[in-house]
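Below are the chains, spelled out letter by letter.
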Amino acid sequence: MRIFDPHIHMTSRTTDDYEAMYAAGVRAVVEPAFWLGQPRTSPESFYDYFDGLLGWEPYRAAQFGIQHFCTIALNPKEANDPRCLPVLDELDRYLAKDRVVAVGEIGYDSMTPEEDEALARQLQLAIEHELPALVHTPHRDKAAGTRRTLDVVRESGIAPELVVLDHLNELTVGMVLDSGCWAGFSIYPKTKMSEDRMVEILKEHGTERVLVNSAADWGRSDPLKTRKTADAMLAAGFGDDAVDEVLWRNPVAFYGQSGRLELEEPKPDEEATFRGNSIRRGGA
Amino acid sequence: MAVTTASPSAPPDPHPALISVLDDTARTWLDESAAKVAADPAAVRRLFPAVRRRCGHARLDAYWTVDEAARAVLLTALPLRGQALADDVTRLHRHGDPAEQRAVLRTLPLLDLGDLALPLVRETLRGNDTTLIEAALGPYAAAHLPDAEYRQAVLKCVFCEIPLDRVTGLDTRADRELARMLADFAHERLAAGRDVPQDILPVVRAFPDVIGAELKHALTDRLTDILKEES
Ligand SMILES: [Zn+2]
């Protein structure tokens, strides 16, 4: 089984996670730029983070046979802090890079005017850079937030097939698929969305334009939720082809719209370094 | 715009060689991109990072890869000079991945920057990436790096196992102090029972008095023998 996790924050995960993910079938991941659980206080922190998403993390992933791509954006939470806003002026530099396959995570957190501005501006950047957009839906007031997000997406003029709305549930999936956008689901332990509920959604809405991710990060989360969802699909009677569609071909098709998703098996190389530094211990 | 006149140590002009290897699509993209940068320097922010996937990254000649040369075309198209040029080049380096940073470092001798890009060379020399260190020690560093820093850079290459024939300007910039440092290094290696890298020997040999005169080292005779064997 081959698995592509279209939304996972590997910067917060360990080498054990990489090993377990590879063993479970994960061969490619997309890491969206997001917040760190603690607010950043200056644009420079973002640039170092973006550099890591484009440099150290793909190196680390490759050492475990996993291909790593990323999405770049000013996330909605931090779009509310005026100290962080200058990041918007430098995004051009990062959105032009080879391993950037979408603008994201953008979207609403508390639905403030500042978030409106950052969302609209970054959707324009997606259009200018000919990139898909990964749009997060708010955890509070989700249905209203999703509706409002769809309005902003429509107004922006971006093609709906270039947009995924993420962290959806039973109440928001219908309106997103009806809009022509992709529907993303984050499978978490305990809260929000489980693999069994996901299977029910797939039965009801089909497998087309659906992305399933673990959204694993620094919080309580599980980087193997993609595999567990695949297993739940098989147990519920879905065939291998449906599993491959949802967990591999769909994310490849979505991010492939960037023209930058160069999939090739990485060959782990003990001697490889990034900028002369390695994940070995006791060595450089 | 910012291209300096050719000097014996200047890298080859990348443009003619590039024209012969790029296909029509890539050549058109590069020509249009250079024109955009010449008209609006801010355009370089979007174009510079995109070069590798637009033009490729094979080796072009002994000095340039295709992506480095194409990036050099964009940098030399910037209609800026002095501090304004240094600021733009520094930001491209700051936000660049290793390939972009190599391109910036390799292009420095083609830009009218004076000493203003030395901080980029220094930052590179503090790091561990040998490909970047090698790119930093080209004609620009040879012309601008102060003596003490140039010597330390050469010593760092010896430690990182970067062949010294890839360091520009060693023939004119090697001095007695550098020879002394390398002779000391050779003594340390011999004392540890390890080999002495062959490429340091010509520098030491050019200043024979650094051996023995000040270094009353137990291993002086052994080093003297090595120097004789190889000449
Ligand atoms: Zn996320």
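The shown structure was predicted, so the numbers you read here are calculated from the model rather than taken from an experiment. (Residues numbered from 1 in each chain as written. Chains lettered and ligands numbered in written order. Predicted model: local features only at pLDDT ≥ 70, side-chain atom pairs only at ≥ 80, totals over all residues. Heavy atoms only, no water.)

**Details of the overall build of chain B**
(1) Moving on: If you tally the helices and strands in chain B, you get 14 helices and zero strands.
(2) Moving on: Going from the N terminus to the C terminus, chain B shows its helices and strands as α-α-α-α-α-α-α-α-α-α-α-α-α-α.
(3) Moving on: Here the C-alpha coordinates of chain B stretch approximately 65 × 35 × 30 Å along the principal axes.
(4) Moving on: A separation threshold of at least 6 residues defines the contact pool for chain B, and within that pool the share at least 24 residues apart is 68%.
(5) Moving on: Here chain B displays about 10,600 Å² of accessible surface, and carbon together with sulfur accounts for 52% of that area. (Helix = DSSP H or I, 4+ residues; strand = E, 2+ residues; numbered from the N terminus. Contact = heavy atoms within 4.5 Å. Areas by Shrake-Rupley, 256 points an atom, 1.4 Å probe, with all protein chains shown as cover.)

**Digging into the pairing of strand β8 (residues 210-213) of chain A**
All names here are of chain A.
(1) Moving on: Of the two faces of β8, the one holding V210 and V212 and the one holding L211 and N213 are both buried throughout.
(2) Moving on: Examined bridge by bridge, strand β7 (residues 182-186) and β8 share four bridges and lie parallel to one another. Residue pairing for β8: S186 is matched across the bridge by N213. (Buried < 20%, exposed > 50% of the residue type's maximum accessible area, 1.4 Å probe, protein only. Pairing = 2+ DSSP bridges.)

**A few points about the coordination of the zinc ion**
All names here are of chain A.
(1) Moving on: The protein atoms donating to the zinc ion are H7 (NE2), H9 (NE2) and E105 (OE), with metal-donor distances spanning 2.1 to 2.2 Å.
(2) Moving on: Read in sequence order, the donor residues for the zinc ion give the motif H-x1-H-x95-E. Each member of the pair, H7 as well as H9, carries the same accessibility label: buried. (Donors = N, O, S within 2.8 Å, 3.2 Å for Na, K, Ca; no water.)

**A short note on the sheet that holds β7 of chain A**
All names here are of chain A.
(1) Moving on: What the eight strands build is an open sheet, ordered β1-β2-β3-β4-β5-β6-β7-β8; its pairing is parallel. Strands with a single pairing partner mark the edges of an open sheet, and in this sheet they are β1 (3-5) and β8. With strand direction ignored, the average angle separating the axes of adjacent strands in the sheet is 25°.
(2) Moving on: Note that strand β3 (residues 67-72) and strand β4 (residues 100-107) share three bridges and pair parallel. The residue of β4 that forms the bridge with I72 is V103.
(3) Moving on: Sheet contacts for helix α5 (residues 113-128): β4 and β5 (133-136); angle to β4, the most-contacted strand, approximately 160°. (Axes fitted to C-alpha atoms, helices over the stretch in contact; angles between N-to-C directions.)

**Things to note about the environment of Y49 of chain A**
Residue and element names in this part refer to chain A.
(1) Moving on: Mapped onto the elements of the fold, Y49 is located in helix α2 (residues 43-54).
(2) Moving on: Assessed through its relative accessible area of 11%, Y49 is described here as buried.
(3) Moving on: On a C-alpha basis, the gap between Y49 and T11 in space is 9.2 Å, while along the polypeptide they are 38 residues apart.

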